[in-house]
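Single-letter residue listing:
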Amino acid sequence: VFDVRDADWAHGFAWAPAYLSHKGRHYLYFTANRGEIGVAVADDVAGPYIDSGRPLVAADAFDGVAIDPSVFRDEDGSVILYWGNEIAHAVRLDDDLVGFDPTAVVSWQPEEFREAIMVHRRGSLYYASWSADDTRSHDYRVHYATGPTPFGPWEHRGIVLQKHPERGIVATGHHSITNIPGSNDWVIAYHRFAIPGGDGYRREVRFDRLHHREDGLLDTVTPSREPLR
């Protein structure tokens, strides 16, 4: 639906996009140039997506490396962008969703944070989750924290998803979490080394149930080898 090389400011190295449908338009947030984030917009979900004409997050504009964007729309309609490697960043996007006030960026360093931070909300509680270690490592895993706002302050709660080597499952990370509309069911999507014989460059996408407990914490996900039904 979009080739990053069509952006005047980018020359390649596209990965880890995030998508949002908002007020009848479609937004694609993407990594380019190994450390910048852009946004392209379309009137149809299948594109064509037109680049905004500049990096949304330029290289070296903030601490860490600008990769792995994710977007969260809160119940009041505001949309927040998250990104980062080593340092996590969050900012409320402008109404057009293609810009933000750089002085409003909130930065912090979650426990064992490497990359791929995202936020979801259930009731009045916000959940930040992120990947630790390296995507090429067997120990790639997902931590999470809870907080009262989409900007924290965050209380680290531990690991929610990690390897099960005795079942051939390793490198479970770089995830996304969503609610199934009209239900109280939640799903976590993530990648891991492909079975059999995978590695950091041969991976497969998986889906598993995510369960919120009555006390607000998350049950540890048991990664499956069977399709989610």
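See the structure above.
Criteria and cut-off values
- Here the residue numbers are simple positions, counted from 1 along each chain's written sequence.
- At least 70 in pLDDT is required for a residue's local features to be given in this predicted model, at least 80 for side-chain atom pairs to be given and counted, and no such filter applies to totals for whole chains, interfaces and linings, which use all residues.
- Derived side-chain values reflect all non-hydrogen atoms in the structure, with water molecules and hydrogen atoms excluded from consideration.
- Here the nonpolar core consists of buried residues drawn from Ala, Val, Leu, Ile, Met, Phe, Trp, Tyr and Cys, with membership extended through side-chain atoms lying within 4.5 Å.
- Three exposure classes are used, based on accessible area relative to the maximum for each residue type with a 1.4 Å probe and protein chains only: buried under 20%, partly exposed in between, and exposed over 50%.
- Helix and strand assignments come from DSSP, with helices taken as H or I runs of at least 4 residues and strands as E runs of at least 2, each series counted from the N terminus.
- The contact rule is simple, with two residues in contact once any of their heavy atoms fall within 4.5 Å.
- Here, any two strands with at least 2 DSSP bridges between them count as paired.
- For helices, the fitted line uses only the C-alpha atoms of the stretch in contact; every axis is such a line through C-alpha atoms, and the angle between N-to-C directions lies from 0 to 180 degrees.
- Buriedness for pockets is judged along seven lines, at least five of which must meet protein on both sides within 12 Å for an open set on the 1 Å grid over protein atoms alone, while cavities are sets there where a 1.4 Å probe fits but cannot get out, and lining residues have an atom within 4 Å of a point.
- Grid points are joined across faces, edges and corners, and a volume is the space filled by probe spheres set on the points.
- Asp and Glu are treated as the negative residues and Lys and Arg as the positive ones, with His and the ends of the chain left uncounted.
- Each reported salt bridge corresponds to a side-chain nitrogen of Lys or Arg within 4 Å of a carboxyl oxygen of Asp or Glu.
- Definition of a polar contact: a pair of N or O atoms within 3.5 Å, with one able to donate and the other able to accept a hydrogen when the atoms are protein atoms, and with sequence-neighbouring residues admitted only if both atoms are side-chain atoms.

A. A look at the nonpolar core. Membership of the largest hydrophobic core comes to 20 residues, with the highest contact counts inside it found for Tyr29, Leu81, Trp83, Leu93 and Phe100. Of all the elements in the fold, those that place two or more residues in this core are strand S1 (15–22), strand S2 (25–32), strand S3 (36–42) and strand S6 (79–83). With residues near it in sequence (within four places) discarded, Leu81 still touches Tyr29, Leu56, Val57, Pro69, Ser70, Val71, His89, Ala90, Val91, Leu93 and Phe100.

B. The arrangement of the sheet that holds strand S9 (residues 115–122) in detail. The strand order S9-S10-S11-S12 describes an open sheet built from four strands, whose pairing is antiparallel. Taken across any chain shown, the strands that pair with only one partner, and hence form the sheet edges, are S9 and strand S12 (155–161). In this sheet, adjacent strand axes meet at a mean angle of 25 degrees when their direction is disregarded. Pairing of S9 with strand S10 (residues 125–132), which is carried by six bridges, proceeds in the antiparallel orientation. Counterpart to His120 in the pairing with S10 is Tyr127.

C. Main features of unusual backbone geometry. With an omega of 5 degrees, the peptide bond between Gly47 and Pro48 qualifies as cis. The amide bond that connects Gly152 to the next residue, Pro153, takes the cis arrangement and shows omega of 0 degrees. Phi at Asp68 is positive, roughly 55 degrees, even though this residue is not glycine. Residue placement: Asp68 occurs in the loop between strand S4 (50–51) and strand S5 (70–73). A positive phi is found at Ala116, a non-glycine position, where the angle reads about 60 degrees. We classify Ala116 as buried; its relative accessible area is 4%.

D. The arrangement of the sheet that holds strand S15 (residues 203–210) in detail. Strand order in the open sheet formed by three strands is S13-S14-S15, and the pairing between neighbours is antiparallel. Each end of this open sheet is capped by a strand with a single partner; those strands are strand S13 (173–179) and S15. When the angles between neighbouring strand axes are averaged without regard to direction, this sheet yields 20 degrees. One ladder, built from eight bridges, connects strand S14 (residues 186–193) with S15; its direction is antiparallel. Residue Ile188 lies in a different strand from S15, and its bridge partner there is Asp208.

E. Representation of the layout of surface pockets in the model. There is about 830 Å³ of room inside the largest pocket. Around the largest pocket, the lining comprises 34 residues; the ones closest to its centre are Val71, Met118, Ser176, Ile177 and Thr178. At the level of secondary structure, the elements contributing two or more residues to the lining of the largest pocket comprise S1, S5, S9, S13, S14 and S15. The greatest single-element share of the lining of the largest pocket, amounting to seven residues, is contributed by S9.

F. Inspection of the side chain of Asp208 at higher detail. In this structure, Asp208 sits in strand S15. Of the buried charged residues, Asp208 lacks a salt bridge, with Arg192 as the closest side chain of opposite charge at 5.2 Å. Polar side-chain contacts of Asp208 include one of 2.7 Å to the side chain of Ser224. Other than its neighbours up to four places away in sequence, Asp208 contacts Trp186, Val187, Ile188, Tyr190, Val221, Thr222, Pro223, Ser224 and Leu228.

G. Region of interest: the environment of Ser78. Here Ser78 is to be found in the loop between S5 and S6. With relative accessibility at 13%, the residue Ser78 sits in the buried group. Separated by 14 residues in the primary sequence, Ser78 and Arg92 place their C-alpha atoms 7.0 Å from one another. Apart from residues no more than four positions distant in its own chain, Ser78 is found in contact with Phe72, Arg73 and Arg92. In terms of polar contacts, Ser78 uses its side chain to reach the side chain of Asp76, at 2.6 Å.

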